[in-house]
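# Chains, contacts and geometry: an overview
Chain residues, written in single-letter form:
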Amino acid sequence: MTEPLVKVDRLTKLFPVSRGMFRRPVDFIHAVDGVSFEIAPGESLGLVGESGCGKTTTGRLLVKLMEATSGQILMHDDGSMIDVAHIGSDDLRRFRRRVQMIFQDPYESMNPRRTVFDTVSEPLAVQNIGSLREREDRVAQMLQLVGLTPPNTFLFRYPHELSGGQRQRVAIARALVLDPSFVVADEPTSMLDVSIRISIMELMLELADAFDVSYLYITHDLAVARYMCDRIAVMYLGKIVELGDTEEVLSNPLHPYTRALLSAVPVPDPTYRKPPVEIKGGITKAINPPTECRFIERCPWATDVCHSTEHPPLEDKGGGHFVACHLVEKGAG
Amino acid sequence: MTEKIDARPGADEPTDLPPPIISPDSVPDSMWRIRWALFRRSFAHNWKLFRANRVGLVGLAIIGFFALLAIAPTVLFATGIWNSAVYDPVVGLEPNPPVKVMTVVNEITDPETQIDFRHVLLDNRIPNNIQVGEQVEIPQQPAPPDRRHWLGTDPLGRDVLSQLMHGARAAFFLGILAAVVTVIIATTVGSISAYFGGALDSFFMRLADLLIMIPFLAILIVIGAIFEFKLWHLAVVIGLLSGFGGVAIVLKSQALAVKVKPFVDAARVAGGSNAHIIFTHIVPNVMPLSFLYMMFTVTSAIQGEAALSFLGLLNVRISWGLMIQLANTQGYLLQGLRYWWLLFPAGLAVTLISAAFFLVGRAMDEVVNPRLRKR
Amino acid sequence: MSAPPLLEVDHLVMNYVTEKGDVSAVEDVSFTLHQGEALGLVGESGCGKTSIAMSLLRLQAENAVFKSGEIRLNGENLLALPEDEMRRHRWKDIAMVFQGAMNAWNPVYRVGDQIREALDLHFRPRLSDAEATERISRLFEMVGLNPAMANRYPHEFSGGMRQRAVIAMALSCDPSIIIADEPTTALDVIVQDQILQELKKIQRELGMAIIYISHDIAVIAEVTDTIGIMYAGKLVELGPTVEVFARPKHPYAYLLLSSTPSVTGPRRKLAPLEGEPPNLLNPPTGCRFHPRCPFATERCSIEEPPMETIADGHRVACWNWREVPVSIAQEARP
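Residues numbered from 1 in each chain as written. Chains lettered and ligands numbered in written order. Predicted model: local features only at pLDDT ≥ 70, side-chain atom pairs only at ≥ 80, totals over all residues. Heavy atoms only, no water.

Moving on, we come to the overall build of chain A. Along chain A, the regular secondary structure elements total 11 helices and 12 strands. Here the C-alpha radius of gyration of chain A, 21 Å, is about what a compact globule of 333 residues would show, namely 20 Å. Considered along the principal axes of its C-alpha atoms, chain A spans approximately 70 × 55 × 50 Å. Expressed as a percentage of its 333 residues, the buried residues of chain A come to 61%. Summarising the internal contacts of chain A: among those between residues at least 6 apart in sequence, 63% fall at separations of at least 24. As displayed, chain A offers around 12600 Å² of accessible surface, 50% of which is attributable to carbon and sulfur atoms. With 36 positive and 44 negative side-chain charges, chain A shows a spacing of 6 Å between the two charge centroids. (Helix = DSSP H or I, 4+ residues; strand = E, 2+ residues; numbered from the N terminus. Rg over C-alpha atoms; globule rule 2.2 N^0.38 Å. Buried < 20%, exposed > 50% of the residue type's maximum accessible area, 1.4 Å probe, protein only. Contact = heavy atoms within 4.5 Å. Areas by Shrake-Rupley, 256 points an atom, 1.4 Å probe, with all protein chains shown as cover. Lys, Arg positive; Asp, Glu negative; His and termini not counted. Charge placed at Lys NZ, Arg CZ, Asp CG, Glu CD.)

What follows is the structure, given as structure tokens:
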């Protein structure tokens, strides 16, 4: 196997919940709890889960919008792996060129007082790349690539003059203008209309090839993940519970949570008979979670083993299909 | 971390695009020309919104009127229509005031005000050796409006209209300087507090609380009593008090709302420094609200000046407050409507211009806050 | 289909009057709803589906103007009723689960008390305390909530529970029609599934008619018998859900279905719909979809296609519906 582009090792982020005014925080939300995965160059990994599962936090940790509580994020850079957590300020600037992010809300991810040109050229400006003239050419070229043509009609528009789909195209242009190798995409299409959603997804796939970027594609929608990602990781309360090739996970879900999630997804086929969703209770919060399996309270199949042991490790059950469940036999994958 | 699907009606409708600033196949244009065109367009758009508000237009008209008044003396003196010996607001004197012939009955006092003429009139036409029973020509000062002095003269024989015009100058100078100081301080403090948070934020916010608790006028009176207080001193003090005070808190809460927007995250991911984020993303989005508070600061500065001058605590050449103060110390204030020209022009001017800036502020509020707009 | 329809929307035309001109939000829409039927209206934001829902309750925005058409409930034209008579139908005959209603609970009153208030407003004769409590308990059970929760405050409910309570409130006066406007948007998939199953069950048990309004065609597929597809203020296709999904006849419906990703079936290439929906201040001439339509001919830009019945209960508004491929493209994704 080639060397991974990104290697995340036991990444953890705890948010303190302080009770009372002067007391020290005693409770912690385990937003991301010992998450490990790798992303190969050019590969797209989907991070799937319900709201509050920690998928967005994971994405923000990877682009260093937040500092991890513990764990490592290693990035491939010029033949060596650099540790993103302990990066100096000069290296951080360089790191910023390699790693970018696309945000969910196209209405809020552009400064309403800055033009498309300002927005797309901002990464170039803060990185001191090129003269004004060169930046202008580069931005025009990017707009062309994301399908905002002819670029001159869009260069000096304000966000309010654009539709949601056009804004998301601008956001993609901004993320790719520095020619990064890794992009975290946080639900980039969830706020768009169906007819526009697919064209944005298609554009992202096209540009992934053209720019040779890897995506960490964060989404709550398994159908979208299936379309966008080579592999998917399913998160539940801060833990990855299942990870593997997209088609393998969707056709042969092994973790009880993945199964429930998959059978709950509405299917655009009125003749399709959905299997019942087997899950108990409602979503719980990750404040000081139990040491046993994270899913134990909602799992209809939990046994004594589950109650008496710690959270199961994420194990390869065969063919690169990782599952964190005591009840799944090795070789099931 | 919410997965919301946007269902605002028409959220994805293509907007009606105004024509592009640069045409699709034109020769590349210079950047400043493009910026200027963009600025003109957004100004035109905002003006259209502002114009829809009649109250704001009234305010603007009043401000325009006073601006004309403020410029007028320069023109009148330069063209020689006004002679500065007569019309200067401070040292001018009407040489031929209306005269009243009176017989000296006992003492040389003005029957109206019971004040000794010799104290009031800097006039040597009354002989010092005047006797009871003699007739004397008493110049009528303050004189009511006539053809030479449209708003009459003050007790010292100076032209009230000229004073009113120079007072408008003082008011604009004071109001605008105070507002600029307020806005620069408040925007910076608010943005920095919101962005960095922590101890810096606590310090500025506690300071703001403190300044809000201190009674504004009382502290001005104390400062005025201790130091020699010029107009620009007052402007700066008012600017500091409101800049570090209430306005900073308002602008900080606005900056906090901007700080959490994804475009700020995007700037950080791009590698933008703190200064870059504060000055290119947070401050420009706080600015509209800053301008709004500028208008309200002008109002409070002008009112503060009037109060201080009235109390005689301001070292200022001429101002509306001083005009009223003079009328008061010379005893003309409590004469009912008889000496109206000493009181009303200045009093009305203070009221009108305060109201005008306030009204403009309200109208701007509607431009800045689309929620307040009528559809 | 011999029984007379419960609700008939007949050539409804509604505009929003704005400063810039009239927005043609609902243009010549007709459909019927029978007892016990589940109808889905699907379309993108701004297509007029919520405008129709609001019109059915006469809760349309202030600047809305009905140009023509009728909305008949049991044969009575609702648009012609004076406001106080309309108020009697609202909630009693037609109830609505508003978009985002789960966030509309007043935080300072108990949920049960808020439902009680609705009961007092609409139920005649007024219920006694015991009757009301009984009724609220029954409603809670019906939507899968513990009746004891009625004495709790909204903040003690999770998002899904709040939405269930909203449904309980909509059911409180035994309406014959429920309009559910995006009932599960903003909810997670598992909760969404639970609520949809609950709604389906209730509908079956009570024999109510439901109008589902959603942007999510997969949700509509799951819960409806009949589907209406809307585009830019027009109903472009209406028919039995199974039939429309199997053989969409309107190009927009066809492309919408082709561009909907699914977790089932083969992983196929999705066909993006080019362009963006039109501005309804100035809708395109002829067929409103023609600028984006790959099947468009010259006629489409000139003449507006009428709603044409192509099979029993399957109607489509397109000149070239015969050109649309028989089933969805199944080109596998490389």
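More follows now that the structure is in view.
What follows concerns the pattern of salt bridges. Going through the model one piece at a time under the given rule, you end up with 38 salt bridges over all chains. In this structure, the salt-bridge partner of Arg133 of chain A is Glu136 of chain A, at a minimum N-O distance of 3.3 Å. Linking Arg133 of chain A with Glu136 of chain A, this pair stays in helix H4 (residues 132–145), spanning 3 residues, or about one helical turn. According to the relative accessible area criterion, Glu136 of chain A is buried, its value standing at 9%. Salt-bridge contacts for Asp120 of chain C lead to Arg116 of chain C; the nearest nitrogen and oxygen are separated by 3.2 Å. With a gap of 4 residues between them, Asp120 of chain C and Arg116 of chain C both fall in helix H3 (residues 111–122), about one helical turn apart. The exposure class assigned to Asp120 of chain C is buried, which follows from its relative accessible area of 19%. (Salt bridge = Lys/Arg side-chain N within 4 Å of Asp/Glu carboxyl O.)

Turning our eyes to something else, we now look at the side chain of Arg169 of chain A. Mapped onto the secondary structure, Arg169 of chain A falls in helix H6 (residues 164–176). Although buried, Arg169 of chain A forms no salt bridge, and the nearest oppositely charged side chain, Glu276 of chain C, lies 5.9 Å from it. For Arg169 of chain A, the side chain forms a polar contact with the main-chain oxygen of Val146 of chain A, separated by 2.8 Å. The residues contacting Arg169 of chain A, other than those within four sequence positions of it, are Val146, Gly147, Leu148, Ser199, Ile200 and Leu203 of chain A. (Polar contact = N/O pair within 3.5 Å; in protein donor to acceptor, adjacent residues only side chain to side chain.)

Here we come to the sheet that holds strand E11 (residues 308–311) of chain C. Residue and element names in this part refer to chain C. Here 8 strands make up an open sheet; going across it, the order is E6-E7-E8-E3-E9-E10-E12-E11 and the pairing mixed. The sheet is open, and its two borders are formed by strand E6 (94–97) and E11, each paired with just one other strand. Along the sheet, successive strands turn relative to each other by an average axial angle of 20°, direction set aside. Pairing between strand E3 (residues 38–42) and strand E8 (residues 209–214): 5 bridges, direction parallel. Within the sheet, the bridge partner assigned to Leu41 lies in E8 and is Ile213. Relative to the sheet, helix H5 (residues 159–171) contacts E6 and strand E7 (177–181), its axis offset from that of E6 by approximately 170°. (Pairing = 2+ DSSP bridges. Axes fitted to C-alpha atoms, helices over the stretch in contact; angles between N-to-C directions.)

Aromatic ring pairs: the centre-centre distance and the angle between the two ring planes describe each pair. With the rule as written, the count across this model stands at 23 aromatic pairs over all chains. Centroid distance Phe117 of chain A to Phe156 of chain A: 5.6 Å. Interplanar angle 40°. Geometry classified as tilted. One end of the pair, Phe117 of chain A, is in helix H3 (residues 116–126); the other, Phe156 of chain A, is in the loop between helix H5 (151–155) and H6, and 39 residues separate them in sequence. Phe156 of chain A matches Phe117 of chain A in its accessibility class, with the two residues each being buried. Relative to Phe289 of chain C, the ring of Tyr231 of chain C lies with its centre 4.9 Å away and its plane at 80°, an arrangement referred to as edge-to-face. (Phe/Tyr/Trp six-rings, centres within 6.5 Å; stacked < 30°, edge-to-face > 60°.)

The next subject is a nonpolar patch on the surface. Residue and element names in this part refer to chain B. Residues Trp32, Trp36, Phe39, Phe43, Trp47, Leu57 and Leu60 make up a contiguous nonpolar surface patch of about 760 Å² in total accessible area. At the level of secondary structure, the elements contributing two or more residues to the nonpolar patch comprise helix H1 (31–51) and helix H2 (54–78). Considering every element that reaches the nonpolar patch, the biggest residue donor is H1, with 5 residues. Position of Trp47 among the secondary structure elements: in helix H1. (Patch = residues over 30% accessible without salt bridge, like charges linked within 9 Å, V, L, I, M, F, W, Y side chains within 5 Å.)

This paragraph deals with H2 of chain B. Residues and elements named next belong to chain B. Across its 25 residues, H2 extends 36 Å between first and last C-alpha, which sits within 8% of the 36 Å expected from 1.5 Å per residue. Of all the bends in H2, the largest measures some 35° and sits at Ile71, one to four residues before the proline Pro73. Looking only at H2, the buried set comprises Gly56, Gly59, Ile62, Ile63, Phe66, Leu69, Ala70, Ala72, Pro73 and Leu76. The inward-facing, buried residues of H2 abut H1, helix H5 (160–196), helix H12 (320–329) and helix H13 (340–368). Two or three places before Val55, at the opening of H2, Asn53 has a side-chain oxygen 3.0 Å from that residue's backbone nitrogen. Positive phi shows up at Gly80, right after H2, with a value of about 80°. (Expected span 1.5 Å × (residues − 1). Bend = angle between axes of the 7 residues up to and from the residue.)

This paragraph deals with the sheet that holds strand E1 (residues 7–18) of chain C. All names here are of chain C. Spatially, E2-E1-E4-E5 is the arrangement adopted by the 4 strands of the open sheet, whose pairing is antiparallel. Here the strands that pair on one side only, and so sit at the sheet edges, are strand E2 (21–33) and strand E5 (76–77). Two strands pair when backbone bridges link them, and strand E4 (residues 64–73) and E5 are joined in this way by 2 bridges, in the antiparallel orientation. Bridge pairing in E5 places Leu73 opposite Glu76. Across the sheet, helix H1 (residues 49–56) touches E1, E2 and E4, and the angle it forms with E1 is around 110°.

All names here are of chain B. Closest axis-to-axis distance for the helix H11 (residues 274–310)/H12 pair is 7 Å, and the angle between their directions is 30°. On the basis of their axis angle, the class for H11 and H12 is roughly parallel. Note on packing geometry: the crossing formed by H11 with H12 is right-handed. The residues of H12 that touch H11, namely those facing Glu305, Ala306, Ser309 and Phe310, are Gly321, Leu322, Ile324, Gln325 and Asn328. (Parallel < 35°, antiparallel > 145°, perpendicular 65-115°, else oblique. Left-handed = near helix turned anticlockwise from the far one by under 90°.)

Residues and elements named next belong to chain B. Running from N to C, H5 and H13 point in directions that differ by 25°, and their axes come no closer than 11 Å. With respect to each other, H5 and H13 are oriented roughly parallel. Crossing angle aside, the handedness with which H5 passes H13 is right-handed. For the pair H5 and H13, the contacting residues are Val160, Leu164 and Phe172 in the first and Trp341, Leu342, Pro345, Ala346, Ala349, Ile353 and Phe357 in the second.

Attention now goes to the pairing of strand E6 (residues 99–102) of chain A. Put simply, side chains in a regular strand alternate between the two faces of the sheet. Residue and element names in this part refer to chain A. Side chains Val99 and Met101 project from E6 onto one buried face, and the interleaved Gln100 and Ile102 project onto a second face that is buried too. The pairing of E6 with strand E7 (residues 182–186) spans 4 bridges and is parallel. For Met101, the partnering residue across the bridge sits in E7 and is Val184.

All names here are of chain B. The residue Ala44 is located in helix H1 in this model. A relative accessible area of 42% places Ala44 in the partly exposed class. Distance in space between the C-alpha atoms of Ala44 and Gly347 is 35 Å, their sequence separation being 303 residues.

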